[in-house]
2 protein chains.
Amino acid sequence: MRTIRVAAAQMGPIQKADSRQAVVARMLALLDQAIGQGCDLIVYPELTLTTFFPRWYMTDQAEVDTWFERAMPNEATRPLFDKAVAHKIALSLGYAELTEDGHHFNTQILTDKAGTIVGKYRKVHLPGHAEYDPERAFQHLEKRYFEPGDLGFPVWRALGGIIGMAVCNDRRWPETYRVMGLQGVEMIVLGYNTPSVNSQKAEEAGDLRMFHNHLVVQAGAYQNSCWVVSVAKAGVEDGHPLIAGSAIVNPDGVIVAQAKTEGDELIVHDCDLDATRFGKETIFNFARHRRIEHYGLITERTGAIPPPE
Amino acid sequence: MRTIRVAAAQMGPIQKADSRQAVVARMLALLDQAIGQGCDLIVYPELTLTTFFPRWYMTDQAEVDTWFERAMPNEATRPLFDKAVAHKIALSLGYAELTEDGHHFNTQILTDKAGTIVGKYRKVHLPGHAEYDPERAFQHLEKRYFEPGDLGFPVWRALGGIIGMAVCNDRRWPETYRVMGLQGVEMIVLGYNTPSVNSQKAEEAGDLRMFHNHLVVQAGAYQNSCWVVSVAKAGVEDGHPLIAGSAIVNPDGVIVAQAKTEGDELIVHDCDLDATRFGKETIFNFARHRRIEHYGLITERTGAIPPPE
């Protein structure tokens, strides 16, 4: 057994007016719980430190940039890193990253137990749109405020295993899991901010959206025989509801722990990385069963091209 | 609305001793039901015409070849094709194909309503093994008796839509759906023979195997916004149980019809191909959202290669 005791730290809503310091105070409370339960790793959601600002249309880049972090850790998050190091617990959190040379990414990091950032992932699959869309019930401007991630889907040897990351909409794309699966990933940690309402289809039921949220992570876990830790920011942010349903999924695709609330909530599970081996060595032994000579379109073609009429 | 009324024709068990003629008589009874319900298409499972013979270890190629069809239609299946043509219903069925030049494939075909074979698919992802395996509770010798399919994952314009096929284990691989999704597939029809017991893990629960059976087709349907018609051969064949659970899955990944028995059973649903459009134009608009520059490993690498220690 190579066990990681992982804490999925679901965050409740964060209002526009909430300060980074107020958010970090809530994160510290969840961290205290995780420390109390002897966790090895705590995973916070996408854009943990702020409201889900891509719902707001902004034209002033200086205003946009107030939602981004220029360094990590920084003054606001330093207490989180300090406490994690003191208690030897690894961290993963999402935030809006503004690089020194002016690039904007939707980023997730992973530290080791010494507080060193050992992995950085930048969201590849940005949903939504870049310009104000009057047809939508509300905006989803990730393509406006972020560039697509430029780091691919790396994995890292950390915490005794092979760990990868993804962010929100990435989880709906099987390519996300497969690229990591082809690097032997044993645990994928990811966070999300998912509106409870489809901005383009008001009648889409909330329970269908929750079903999709779980379906994709369960399939990704099973089809690559890895753990997936999927963590929400949930609840109503300035009138805009986000789904909850944070879940820890085993390599059989089964949800073994799930959040019950739409608020700050910790769910914990002992994830045995050796439980990934059976699937990787049998039904999903890629070397024996994959037939890459028939997969060409996946990397040759971005969009769908139907056959001629 | 472009509606295909589809019948998923689950087959109960077929014993080694059952003749092709006896099987076709059962297929005709299901076809009669489908005709009575005004169906446009009836889908039979993988290796519809015989028992799931890859569970039996054979060393005499002449004996192996008795399980294969040298032509389609042939004498045994002619009554099926004749009745389908007379009632203008399209057919899809799976069978073991022996080509004129001696190749063996696990094949599925699709006819139009005039009885012309418009599509042929040969199973790409062969599970199991090629040599007798004394470690297994029973054999699964698909890699012994079949060659991997050599036709890729084509789609066809048929029945007013874009239709693709897959066979059994193919459904567990997201590449299967994605290659067809990149060709705009609107409906995937597939059949399966799936043992109720894992030959390498006796303690694996039957309900977990059924969950996996549905999970993969639901994810494939949702992630490519297409219908999936997934049809079992089920029940106990000469002491070896196969799972049932035939299902018709909509482009949201929701099961809209499911078989209740482990025997011959028809489930019917009106599948509106235009219901695939919303997903294909929004969240799974591949042209807008896919990032093929980060998918390279999917086609470069067959097996998993973990990062250096």
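Residues numbered from 1 in each chain as written. Chains lettered and ligands numbered in written order. Predicted model: local features only at pLDDT ≥ 70, side-chain atom pairs only at ≥ 80, totals over all residues. Heavy atoms only, no water.

S.K.: Sorry if this is basic, but what is going on with the overall build of chain A here?
M.R.: Tallying secondary structure elements over chain A gives nine helices and 14 strands in all. Relative to the globule expectation of 19 Å for 309 residues, the C-alpha radius of gyration of chain A, 19 Å, shows essentially globular dimensions. By its C-alpha atoms, chain A is 60 × 55 × 40 Å across when sized along the principal axes. Looking at chain A as a whole, 62% of its 309 residues qualify as buried. Considering only intrachain contacts with a sequence separation of at least 6, the fraction spanning at least 24 residues in chain A is 69%. For chain A, the accessible surface area stands at approximately 10700 Å², while carbon and sulfur atoms represent 52% of it. The distance from the centre of the 31 positive side-chain charges to the centre of the 39 negative ones in chain A is 4 Å. (Helix = DSSP H or I, 4+ residues; strand = E, 2+ residues; numbered from the N terminus. Rg over C-alpha atoms; globule rule 2.2 N^0.38 Å. Buried < 20%, exposed > 50% of the residue type's maximum accessible area, 1.4 Å probe, protein only. Contact = heavy atoms within 4.5 Å. Areas by Shrake-Rupley, 256 points an atom, 1.4 Å probe, with all protein chains shown as cover. Lys, Arg positive; Asp, Glu negative; His and termini not counted. Charge placed at Lys NZ, Arg CZ, Asp CG, Glu CD.)

S.K.: What's the story with the side chain of Gln-108 of chain B in this structure? I'm lost.
M.R.: Residue and element names in this part refer to chain B. Locating Gln-108 in the fold gives a position in strand E4 (residues 104-111). The exposure class assigned to Gln-108 is buried, which follows from its relative accessible area of 0%. A polar contact of 3.3 Å, which involves the side chain of Gln-108, links it to the backbone oxygen of Tyr-44. (Polar contact = N/O pair within 3.5 Å; in protein donor to acceptor, adjacent residues only side chain to side chain.)

S.K.: Looking at this structure, how should I read the pairing of strand E13 (residues 255-258) of chain A?
M.R.: The side chains of a regular strand alternate, residue by residue, between the two faces of the sheet. Residue and element names in this part refer to chain A. The sheet contact formed by strand E12 (residues 247-249) and E13 spans three bridges and is antiparallel. Bridge pairing in E13 places Val-249 opposite Ile-255. Between the antiparallel neighbours E12 and E13 lie five residues, among them Gly-253 with a positive phi of about 85°. (Pairing = 2+ DSSP bridges.)

S.K.: What's the story with unusual backbone geometry in this structure? I'm lost.
M.R.: It is generally the case that most residues other than glycine have a negative phi and that most peptide bonds are trans. For the bond running from Met-72 of chain A to Pro-73 of chain A, omega is -5°, close enough to zero to count as cis. Mapped onto the elements, Pro-73 of chain A comes out in the loop between helix H2 (61-65) and helix H3 (78-86). If you check the backbone angles, Lys-88 of chain B has positive phi at about 55° while not being a glycine. Mapped onto the elements, Lys-88 of chain B comes out in the loop between helix H3 (78-86) and strand E3 (90-98). For Ser-225 of chain B, which is not a glycine, the phi torsion comes out positive at approximately 45°. Residue classification places Ser-225 of chain B among the buried residues on the basis of a relative accessible area of 2%.

S.K.: Would you explain the packing of aromatic side chains in this entry?
M.R.: Centre-to-centre distance and the angle between the planes together describe a pair of aromatic rings. Counting across every chain of the model gives 20 aromatic pairs over all chains. For the pair Trp-173 of chain A and Phe-284 of chain B, a centre-to-centre distance of 5.3 Å together with 70° between the ring planes defines the contact as edge-to-face. With one member in each of two chains, Trp-173 of chain A in the loop between strand E7 (161-167) and helix H5 (174-181) and Phe-284 of chain B in the loop between helix H7 (277-281) and helix H8 (286-289) form a pair that bridges those chains. Residue Trp-173 of chain A is classed as buried on the basis of its relative accessible area of 0%. What links up through ring pairs into an aromatic cluster is the set Phe-53, Trp-67, Phe-68, Tyr-145 and Phe-146 of chain A. Lying across the ring of Trp-56 of chain A, Lys-16 of chain A places its NZ or CZ 4.3 Å from the centre. (Phe/Tyr/Trp six-rings, centres within 6.5 Å; stacked < 30°, edge-to-face > 60°. Lys NZ or Arg CZ within 6 Å of the ring centre and 35° of its normal.)

S.K.: Would you mind going over the relation of the copies chain A and chain B with me for this structure?
M.R.: The operation relating the two chain copies consists of a rotation about an axis and a shift along that axis. The transformation that overlays chain A on chain B combines an axial shift of 0.0 Å with a rotation of 180°, and the residual RMSD is 0.0 Å. Taken together, the turn and the small shift mark the pair as related by a two-fold rotation axis. Interface overlap between copies: 100% of the residues of chain A at the interface are likewise at the interface in chain B, consistent with a symmetric, same-surface contact. (Least-squares fit on C-alpha atoms with pLDDT ≥ 70 in both.)

S.K.: I keep staring at the pattern of salt bridges and nothing clicks. Help me out?
M.R.: One side chain can pair with another of opposite charge once the charged atoms of both are near each other. In the structure shown here, the tally under the stated rule is 44 salt bridges over all chains. Asp-270 of chain A is the salt-bridge partner of Arg-5 of chain A, the closest N and O atoms lying 2.6 Å from each other. Pair noted here: Arg-5 of chain A is in strand E1 (residues 3-10) and Asp-270 of chain A is in strand E14 (residues 265-272), with a separation of 265 residues, a long-range link. For Lys-83 of chain B, the salt bridge identified is with Asp-32 of chain B, shortest N-O distance 2.7 Å. Residue Lys-83 of chain B is located in helix H3, and its partner Asp-32 of chain B is located in helix H1 (residues 20-36); the two are separated by 51 residues in the primary sequence. Here Asp-32 of chain B falls in the partly exposed class, since its relative accessible area comes to 38%. One salt-bridge network, held together by shared partners, links Glu-97, Lys-120, Arg-122 and Asp-150 of chain A. (Salt bridge = Lys/Arg side-chain N within 4 Å of Asp/Glu carboxyl O.)

S.K.: Help me understand the sheet that holds strand E12 (residues 247-249) of chain B, please; the structure alone is not making it clear to me.
M.R.: Residue and element names in this part refer to chain B. Taken in spatial order, the six strands of this open sheet run E6-E7-E8-E9-E12-E13, and their pairing is mixed. Two strands close off the open sheet at either side, each with one partner strand: strand E6 (155-158) and strand E13 (255-258). When strand polarity is set aside, the average angle formed by the axes of neighbouring strands in this sheet is 20°. Sheet analysis places E6 next to strand E7 (residues 161-167), joined by four bridges and oriented antiparallel. (Axes fitted to C-alpha atoms, helices over the stretch in contact; angles between N-to-C directions.)

S.K.: Can you help me understand the environment of Glu-131 of chain A in this one?
M.R.: Examined against the element boundaries, Glu-131 of chain A turns out to sit in the loop between strand E5 (117-122) and helix H4 (142-145). Residues within four places of Glu-131 of chain A in sequence aside, it is in contact with Gln-139, Leu-141 and Arg-144 of chain A.

S.K.: What is the right way to look at the interface of chain A and chain B in this model?
M.R.: Think of interface size as the accessible area that goes away when the parts come together; that is how it is often given. Listed per partner, the contact involves 70 residues of chain A and 70 residues of chain B. Contact between chain A and chain B buries roughly 6300 Å² in total, counting both sides, with carbon and sulfur atoms accounting for 64%. Viewed at the interface, chain B and chain A are joined by six salt bridges. A salt bridge links Arg-157 of chain A to Glu-309 of chain B, with the nearest nitrogen and oxygen atoms 3.7 Å apart. At the junction of chain A and chain B, the tally comes to 39 residue pairs in polar contact (both at pLDDT 80 or more). Within the residue set of the side of chain A that touches chain B, elements represented by two or more residues are strand E6 (155-158), H5, helix H6 (206-224), helix H8 (286-289) and helix H9 (297-300) of chain A. When residues of the side of chain A that touches chain B are assigned to their parent elements, the largest contribution, nine residues, is made by H6 of chain A. In the side of chain A that touches chain B, the residues fall into 33 nonpolar, 22 polar and 15 charged. (Buried area = accessible area lost by both parts, 1.4 Å probe. Nonpolar A, V, L, I, M, F, W, Y, C, P; charged D, E, K, R; others polar.)

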